[in-house]
Amino acid sequence: MIIDLPRFIDAERPTWMALEKMLDRIEQEPDRRMELEEVQRFHLLYQKVSADLARVTTFASEPELRRYLESLTARAYGEIHETRDRAHRFRPLHWFLNEFPRAFRRRSGAFTLALVILFLGAIFGGFATMFDDDAKEAILPRQFSHLLGDPAKRVAEEESATSDRASGRHTYFAAFLMQNNIKVSILSLGLGVTFGIGTIIELFSNSVSLGLIVVDYVRAGQTMFLLGWLLPHGVIEIPSLLIAGQGGLVLGTALIGYGDRASLADRLRAIGPDLMALTCGFAIMLVWAGIIESFLSQYHEPFIHYWQKILFGVVEFAVLVWFLYFRKIADPEDAP
């Protein structure tokens, strides 16, 4: 049977054009999700074009038309039977608001352990400075040498300042803080390769210094100064260091693999996305902490009242807790 080709083309061309238009739109907007009715229509058009191709191949000798229908059918077939994940455009804000807290909650047990280590180290540092006058000089790192003296004397000097001693150096100081804190945090996470032992030591040693400073200032009657100085940046910086420790403990646990029958490669592959999310998350947090420490924490009364800085820190901490623990996270399937 020979088909009437001109009549056949006139009758079926709208179907071909409709399928081609849908394919063009799919290729131009790969992240767009089609409605059920669109999917059904797409499949119907694909079936009709496939049938037309079979008729042309069997009953007509028209190479150009056959090649056109073959191309159209192949494109539609590829879209229907595609098994690879579509590439999604990376959206940093969406990722930070969803993937970071999702990874944090998934590994919350390791964060709790890091928090326990911090408290133990802080308690040790506090008792050390209470019972040993030489503890500060023995424990505090060299970059904290300005804290070796009498807290009351330092506070008096800070509050008697009549000019901005950091004027013109805020950006440099903020960049230095970001670089140093991110480096320390990545080290803490990376030490997880020692089966978590290095991470635990790093967390403990940093928290010893924190506990020592807190107790030293409280004993000297400078609690308001301490809170106004540490809270604005500390409520972000300290959790960031804990999240880095969380990642190191997750890594150490994966390397040990106790009770997990999966191979080492599979265990590391499973934690990879979470470690990346935690690392990028605490790095962003430390950028914010560096800005706050340089531009706000270093100013004391009479420039800024301590209660204002304390209130700012409390609000920051409340927002951080809500963000990490309670904020509703978008479903991964809804990611753009």
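This is a predicted model, so every value here is computed, not measured. Every chain begins its residue count from 1, and numbering advances along the sequence as written. pLDDT decides what is reported in this predicted model: residues at 70 or higher carry local features, side-chain atom pairs at 80 or more are listed and counted, and totals for whole chains, interfaces and linings draw on all residues regardless. By convention in this description, side-chain values take in all heavy atoms of the structure and omit both hydrogens and water.

For helices the rule is a DSSP run of H or I covering at least 4 residues; for strands it is a run of E covering at least 2, with both sets numbered from the N terminus onward. Of regular secondary structure, the protein possesses 12 helices and 0 strands. Helices and strands appear in the protein in the N-to-C order α-α-α-α-α-α-α-α-α-α-α-α. Note that the radius of gyration is over C-alpha atoms, with the globule rule given as 2.2 Å times the number of residues to the power 0.38. What you see for the protein is a C-alpha radius of gyration of 31 Å, clearly larger than the 20 Å of a compact globule of 336 residues, by over 25%. Along the three orthogonal principal directions, the C-alpha set of the protein runs to about 105 × 50 × 30 Å. Burial classes: relative accessible area under 20% of the type maximum marks a residue as buried, over 50% as exposed, and values in between as partly exposed (1.4 Å probe, protein chains only). Sorting the 336 residues of the protein into buried and exposed places 39% on the buried side. Contacts: residue pairs with any heavy atoms within 4.5 Å of one another. Within the protein, contacts between residues separated by at least 24 positions form 78% of all contacts whose residues are at least 6 apart in sequence. Surface accessibility follows the Shrake-Rupley procedure with a 1.4 Å probe radius. Residue values consider only the protein chains on display as shielding. Here the protein has roughly 19,700 Å² of accessible surface; of this, 62% comes from carbon and sulfur atoms. All tallies of charge rest on Lys and Arg as positive and Asp and Glu as negative; His and the ends of each chain are not included. In this description, the location of a charge corresponds to atom NZ of lysine, CZ of arginine, CG of aspartate or CD of glutamate. On the protein, the mean spot of the 34 positive side-chain charges and the mean spot of the 40 negative ones are 3 Å from each other.

This paragraph deals with the packing of helix H9 (residues 197-219) against helix H10 (residues 223-256). Think of each axis as a best-fit line through the C-alpha atoms, taken over the contacting stretch in the case of a helix, with angles from 0 to 180 degrees between the N-to-C directions. The contact between H9 and H10 brings their axes to 11 Å, and the two run at 170°. Classified by the angle between their axes, H9 and H10 sit roughly antiparallel to one another. Along its contact with H9, which presents Thr199, Ile200, Leu203, Leu210, Ile213, Val214, Tyr217 and Val218, the element H10 presents Thr223, Phe225, Leu226, Trp229, Leu230, Ile238, Leu241, Leu242, Gly245, Gly248 and Leu249. Ten residue types, Ala, Val, Leu, Ile, Met, Phe, Trp, Tyr, Cys and Pro, are classed as nonpolar, four, Asp, Glu, Lys and Arg, as charged, and the remainder, Gly among them, as polar. Grouping the constituent residues of the contact of H9 with H10 by class yields 15 nonpolar, 4 polar and no charged. Working rule for angles: under 35 degrees goes down as roughly parallel, over 145 as roughly antiparallel, 65 to 115 as roughly perpendicular, anything else as oblique.

This brings us to the domain arrangement of the protein. Residue ranges for the domains originate in an automatic or database domain assignment. For the protein, the domain assignment lists domain 1 (2-80) and domain 2 (92-326). For domain 1 and domain 2, the distance between their C-alpha centroids amounts to 60 Å.

Attention shifts here to the nonpolar core. As used in this record, nonpolar core signifies buried Ala, Val, Leu, Ile, Met, Phe, Trp, Tyr and Cys residues forming a set joined through side-chain atoms within 4.5 Å. Of all hydrophobic cores here, the largest spans 33 residues; its most connected members are Phe100, Ile243 and Leu324. Of all the secondary structure elements, the ones that give two or more residues to this core are helix H4 (92-106), helix H5 (108-131), helix H8 (170-190), H10, helix H11 (264-297) and helix H12 (306-326). Here this core gets 9 residues from one element, more than from any other, and that element is H10. The contacts of isoleucine 243, once residues within four sequence positions are left out, are Phe100, Phe104, Phe111, Leu278, Phe282, Met285 and Leu324.

Here the focus is the environment of phenylalanine 323. Note that phenylalanine 323 resides in helix H12. For the pair formed by phenylalanine 323 and asparagine 180, sequence separation is 143 residues and the distance between their alpha carbons is 25 Å.

With the exception of glycine, the majority of residues adopt a negative phi angle, and the majority of peptide bonds are in the trans configuration. With an omega of 10°, the peptide bond running from glutamate 301 to proline 302 counts as cis. By the secondary structure assignment, proline 302 is in the loop between H11 and H12. Even without being a glycine, phenylalanine 195 presents a positive backbone phi close to 60°. Its location among the elements puts phenylalanine 195 in the loop between H8 and H9.

Contact geometry of H10 with H11 gives a least axis separation of 8 Å together with a crossing angle of 165°. It follows from the interaxial angle that H10 and H11 lie roughly antiparallel. Like other packed secondary-structure pairs, H10 and H11 cross with a definite hand, here left-handed. When the residues that make up the contact of H10 with H11 are grouped by side-chain class, the tally is 23 nonpolar, 5 polar and 3 charged. Helix crossings get a hand from a simple test, with the near helix turned counterclockwise from the far one by less than a right angle marking a left-handed crossing and a clockwise turn marking a right-handed one.

So, about the environment of valine 215. For valine 215, the position within the fold is in helix H9. In sequence terms valine 215 and glycine 125 are 90 residues apart; their C-alpha atoms lie 8.3 Å from each other.

Moving on to the pattern of salt bridges. Salt bridges, as used here, are contacts in which a Lys or Arg side-chain nitrogen is within 4 Å of a carboxyl oxygen on Asp or Glu. Enumeration over the complete set of coordinates arrives at 9 salt bridges. Among the ionic pairs, aspartate 274 bridges to arginine 107, the shortest N-O distance being 2.8 Å. Pair noted here: aspartate 274 is in helix H11 and arginine 107 is in the loop between H4 and H5, with a separation of 167 residues, a long-range link. Judged by relative accessible area, aspartate 274 falls into the buried class, the value being 4%. Given a relative accessible area of 22%, arginine 107 falls into the partly exposed group. Arginine 269 serves as the salt-bridge partner of aspartate 266, at 2.6 Å between the closest nitrogen and oxygen. Of this pair, aspartate 266 and arginine 269 both sit in helix H11, separated by 3 residues, roughly a single helical turn. Classification of arginine 269 as exposed rests on a relative accessible area of 57%.

Our next topic: H9. To estimate how far a helix should extend, the number of its residues minus one is multiplied by 1.5 Å. Counted at 1.5 Å a residue, the expected span for H9 with its 23 residues is 33 Å, and the 33 Å between its end C-alpha atoms agrees. Once H9 ends, the next one or two residues include glycine 221, with phi positive near 75°.

Only centres within 6.5 Å qualify two rings of Phe, Tyr or Trp (six-membered ring in Trp) as a pair; their planes then separate them into stacked at under 30 degrees, edge-to-face at over 60, and tilted for everything else. Inspection of every chain in the model, using the stated rule, returns 14 aromatic pairs. For the pair phenylalanine 104 and tyrosine 325, a centre-to-centre distance of 5.3 Å together with 85° between the ring planes defines the contact as edge-to-face. With phenylalanine 104 in helix H4 and tyrosine 325 in helix H12, this pair connects stretches of sequence that are 221 residues apart. Owing to a relative accessible area of 0%, phenylalanine 104 belongs among the buried residues under this scheme. Given a relative accessible area of 38%, tyrosine 325 falls into the partly exposed group. Consider the rings of phenylalanine 225 and tryptophan 229, whose centres lie 6.1 Å apart with planes at 35°: the pair is tilted. Of the two residues, phenylalanine 225 and tryptophan 229 are both situated in helix H10; the distance of 4 residues between them amounts to about one turn of the helix. Exposure class is identical for phenylalanine 225 and tryptophan 229. Each is buried.

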